[in-house]
Amino acid sequence: MAKEKTYFVCNECGGTSARWLGKCPACGAWNTLVESVAEAAAPAKNRFASLARTAEVATLGEIEASDFARTPTGHDELDRVLGGGIVEGGVVLIGGDPGIGKSTLLLQALDSLQRSAHPTLYVTGEESGAQVALRARRLGLDGSQVQVLAEIQLEKILATLESRKPAIAVIDSIQTVYSDQLTSAPGSVAQVRECAAHLTRAAKASGTAIVLVGHVTKEGALAGPRVLEHMVDTVLYFEGDTHSSFRLIRAIKNRFGAVNEIGVFAMTERGLKGVANPSAIFLSQHAEPVPGSCVLVTLEGTRPLLVEIQALVDSGGPSPRRLSVGLDRDRLAMLLAVLHRHAGVACMDQDVFVNAVGGVRISEPAADLAVMLAITSSLRGKALPKGFLAFGEVGLAGEVRPAPRGQERLKEAAKLGFSVAVVPKSNAPKKHDKAFEGLTIHPVDRIEEAMALVREIG
Ligand code: TYD
Ligand code: MG
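Criteria and thresholds
- Residues numbered from 1 in each chain as written.
- Chains lettered and ligands numbered in written order.
- Predicted model: local features only at pLDDT ≥ 70, side-chain atom pairs only at ≥ 80, totals over all residues.
- Heavy atoms only, no water.
- Helix = DSSP H or I, 4+ residues; strand = E, 2+ residues; numbered from the N terminus.
- Contact = heavy atoms within 4.5 Å.
- Lys, Arg positive; Asp, Glu negative; His and termini not counted.
- Charge placed at Lys NZ, Arg CZ, Asp CG, Glu CD.
- Core = buried A, V, L, I, M, F, W, Y, C linked by side-chain atoms within 4.5 Å.
- Buried < 20%, exposed > 50% of the residue type's maximum accessible area, 1.4 Å probe, protein only.
- Domains from an automatic or database assignment.
- Near = heavy atom within 4 Å.
- Polar contact = N/O pair within 3.5 Å; in protein donor to acceptor, adjacent residues only side chain to side chain.
- Areas by Shrake-Rupley, 256 points an atom, 1.4 Å probe, with all protein chains shown as cover.
- Nonpolar A, V, L, I, M, F, W, Y, C, P; charged D, E, K, R; others polar.
- Pairing = 2+ DSSP bridges.
- Axes fitted to C-alpha atoms, helices over the stretch in contact; angles between N-to-C directions.
- Salt bridge = Lys/Arg side-chain N within 4 Å of Asp/Glu carboxyl O.
- Expected span 1.5 Å × (residues − 1).
- Arc of directions from axis to C-beta.
- Right-handed = clockwise from strand over helix to strand, strands pointing away.

(A) Quick look at the overall build of the chain. Scanning the chain from N- to C-terminus turns up 11 helices and 23 strands. Considering only C-alpha atoms, the chain reaches an extent of 80 × 55 × 50 Å along its principal axes. Taking the contacts inside the chain whose residues are at least 6 apart along the sequence as the reference set, 66% of them involve residues at least 24 apart. Charged side chains in the chain number 49 positive and 50 negative. The centres of these two groups are separated by 1 Å.

Rendered as C-alpha cells:
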C-alpha cells in the first residue's frame, strides 16, 4: 500500500507544518510537533453550500433520548466505576502502573462476559497467546472461551474486529499498536494518537465496546498525548500501592456515569476480587492511638471511605523538606502557612512528611483539617484521642469550610464505632439522630478553635 502523505501538527496550538521543526512556527512552543496522516484533499470552498443540505439538524426535543444499554461485566466494583457496565460502542481508557493488575482484571471481566454469551476479543501486544493462557489458568479460568489475538498491527486488528464483531474488545496495550501508515515508531505520540482515533471510530461504527489499556509515564500522565483522554468516553485509572494487596480504580472522566467513583479490589491468588464494603481498609491498626495520626472520612464518588492521615514532623536542616504521599504538596505548604498564621503552630525549621495510608490518593480539600491535626499531633508528640476523626476544608483566612455531604460521612464513622468528631459547623447535624449515636460531634468555625478543642480533649 502506498504511504499516505504525512504532516506535522503542534500539540499546543494545532498549527501545522510540512516538515518537522523543533519549534512550532505558529505558537513558538518547543518540541510539540507530532506526525499526523493527511486527510484527503479538502473540498473547494464553494462545495460546502451543497454539503450543508446533506446534514440534518434537529432540535433536542425531536431526538429520541434513550438511556444507554449497559452490559454488566459481572464484577460489581468495575461496573460501579463504569457507571453500570459497558456501553455499546463506548471506548474506555484504563491506565495504571505496570504490574498493578490491568491485564488481570480485564481478562477476568472478558471471561465473565464471554460466559454470559457476549462475544469477546482480547488483543495482546505485550504478551504471547501462551502467556495470556497461563494467566487465565492461574486465575482459575480453565477452558475459557475468550478469543485471543496476538497482534500489534492496527490494520489487522481493525480487520479482525470487523469480521468477528465482538461485543467487547480489549487492546492490551495501545502503546504496542502501530499503523504502517505512519513512519514513527510504535509507542510514539503520533502512533498512539492515530491508532486510538482509528479504534474509536471503529467502536462507534460497529457498536463494539473497546477498552484501551494505557501505560503510565513516570510523571504519572498516561503516556501519549492528553488528546487520548479527550477522544475516549471513559478514563479509568488504577491507584494504590503495588506493595499492599488493595487496588483502587477511579473514574477520572465518564460520559456514561459519575466521575471520581471508586472501585476497590483486593489482589488475591486468584486475581482481583471486589471489596464490597471498603470503608475501613485504609486504617492502620494501632492498638493504642499514636502521635501524628488522624482519621479522615473522605467522600469521593458515592461512598464514604475512612482513611488514616499520618504526619511526621522532625527537626530539619537549613532547608526543611515538605513531602506528601497521596496528598497535594502545594496544599500542604498552604496548610502549614495557615497553621502558623492563624493557630500559632510553627514548623518553619522542621521537616514535614504526610502520607495517606494504603496508597489512596486524596484530592478533595475536605482533608485539610485532618492533615493539620495530624501535623500538630506529631509536633506536640501527643496522640489524638481514641476513636477520633476530623474532616473539613480550611481556607487561607483560617476558616473551616463545610465538606459536601457531611452527614453521610458522620453516619459512616458512627457505624464503624468512632467516638469523637471535629467537623465544620454547618456539617454538624441540627437535630438528634439515632444514626450518630455514640459519636460526640464538635462543630468548629475556625482552625484556632479546632486546635484549642484538641488540646482540651486530647
Ligand atoms: P498484571 O495484570 O499483569 O498487571 P498489568 O497488566 O497492570 O501490568 O498484574 C500482574 C501482577 O499481579 C503480578 O505482579 C502478579 C499479580 N497477580 C496476583 O497476585 N494474582 C493473580 O492471580 C495474578 C494473575 C497476578
Ligand atoms: Mg499487562
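Here the narrative resumes, following the displayed structure.
(B) Layout of the nonpolar core. Counting residues in each nonpolar core, the largest one holds 65 residues, and the members touching the most others are Ile-309, Leu-369, Val-371, Leu-373, Ile-375, Phe-388 and Leu-389. At 7 residues, the largest contribution of residues to this core is made by helix H9 (residues 368–380). Three or more residues apiece are contributed to this core by two domains, here domain 2 (72–276) and domain 3 (281–457). Those residues within four positions of Ile-375 in sequence are excluded, and the remaining contacts are Ala-311, Val-313, Leu-332, Leu-336, Leu-339, Cys-347, Val-352 and Val-354. If you look at the next biggest cluster of nonpolar residues, it comprises 30 residues, including Leu-82, Leu-110, Leu-139 and Ile-249.

(C) Representation of the site of ligand 1. What surrounds ligand 1 is a group of 16 residues, the closest being Gly-99, Lys-102, Ser-103, Thr-104 and Arg-135. Take Lys-102: an N or O atom from its main chain is 2.8 Å from an oxygen atom of ligand 1. With respect to ligand 1, the side chain of Thr-104 contributes an N or O atom lying 2.5 Å from an oxygen atom. For ligand 1, whose accessible area on its own is 560 Å², the fraction buried by protein is 76%. Counting residues per element, the ones that place at least two in the shell around ligand 1 are helix H3 (102–115), helix H4 (129–138) and strand E13 (262–268). Residue composition of the shell around ligand 1, by class: 4 nonpolar, 6 polar and 6 charged.

(D) Focus on the sheet that holds strand E2 (residues 16–17). Spatial ordering of the open sheet is given by E2-E1-E3, a layout of 3 strands whose pairing is antiparallel. Two strands bound the open sheet, and with one partner strand each, they are E2 and strand E3 (33–37). Note that strand E1 (residues 6–10) and E3 share 5 bridges and pair antiparallel. Residue Tyr-7 lies in a different strand from E3, and its bridge partner there is Ser-36. In the packing of helix H6 (residues 189–206) onto the sheet, the strands contacted are E1 and E3, and the crossing angle to E3 comes to about 40°.

(E) Region of interest: the pattern of salt bridges. Per the stated rule, a full pass over the model turns up 18 salt bridges. Between Arg-331 and Glu-393 there is a salt bridge, and its shortest N-O distance comes to 3.9 Å. Taken together, the positions of Arg-331 in helix H8 (residues 329–343) and Glu-393 in strand E20 (residues 393–394) put the pair 62 residues apart, joining distant regions of the chain. Here Arg-401 and Glu-399 are joined by a salt bridge, their closest N and O atoms 2.9 Å apart. For Arg-401, a relative accessible area of 33% translates into the label partly exposed. Three or more residues joined by partner-sharing salt bridges are found here, namely Arg-331, Asp-368, Glu-393, Glu-399 and Arg-401.

(F) Region of interest: the sheet that holds strand E12 (residues 246–254). Pairing within the open sheet is mixed, and its 9 strands lie in the order E8-E7-E9-E10-E6-E11-E12-E13-E14. At either end of the open sheet lies a strand with only one pairing partner, and these are strand E8 (147–150) and strand E14 (271–274). Pairs of neighbouring strands in the sheet enclose a mean axial angle of 25°, with direction left out of account. This element, H3, spans strand E6 (91–96), strand E7 (120–124), E8, strand E9 (168–172), strand E10 (209–215), strand E11 (234–239), E12, E13 and E14 of the sheet and lies at about 155° to E7. Across the sheet, H6 lies against E6, E9 and E10, angled at about 160° from E10, the strand it touches most.

(G) Fine view of the side chain of Glu-239. Position of Glu-239 among the secondary structure elements: in strand E11. Of note is the side chain of Glu-239, whose polar atom sits 3.3 Å from the backbone nitrogen of Arg-361. Not counting chain neighbours up to four residues away, the residues in contact with Glu-239 comprise Ile-100, Arg-247, Leu-248, Arg-250, Val-360 and Arg-361.

(H) Quick look at H9. Taking 1.5 Å as the rise per residue, H9 with 13 residues should run 18 Å; its terminal C-alpha atoms sit 18 Å apart, in good agreement. In terms of burial, H9 is largely enclosed, as 11 of its 13 residues are buried. The complete set of buried residues in H9 reads Asp-368, Leu-369, Ala-370, Val-371, Met-372, Leu-373, Ala-374, Ile-375, Thr-376, Ser-377 and Ser-378. Once H9 ends, the next one or two residues include Gly-381, with phi positive near 65°.

(I) Molecular detail of helix H11 (residues 447–457). Listing the buried residues of H11 in full gives Ile-447, Ala-450, Met-451, Leu-453 and Val-454. Burial along H11 is one-sided: seen end-on, the buried residues are contained in an arc of 165°.

(J) Geometry of the pairing of E9. Taking burial as the measure, the 5 residues of E9 include 5 buried ones, the bulk of the element. Neither face of E9 is exposed, since Ile-168, Val-170 and Asp-172 on one face and Ala-169 and Ile-171 on the opposite face are all buried. One ladder, built from 5 bridges, connects E7 with E9; its direction is parallel. Bridge assignment links Leu-121 to a residue of E9, and that residue is Ala-169. Bridging between E9 and E10 involves 5 bridges; their strand directions are parallel. Considered in E10, the bridge of Ile-171 is made with Leu-212. Between the parallel pair E9 and E10, the chain is carried across by H6, and the sense of this crossover is right-handed.

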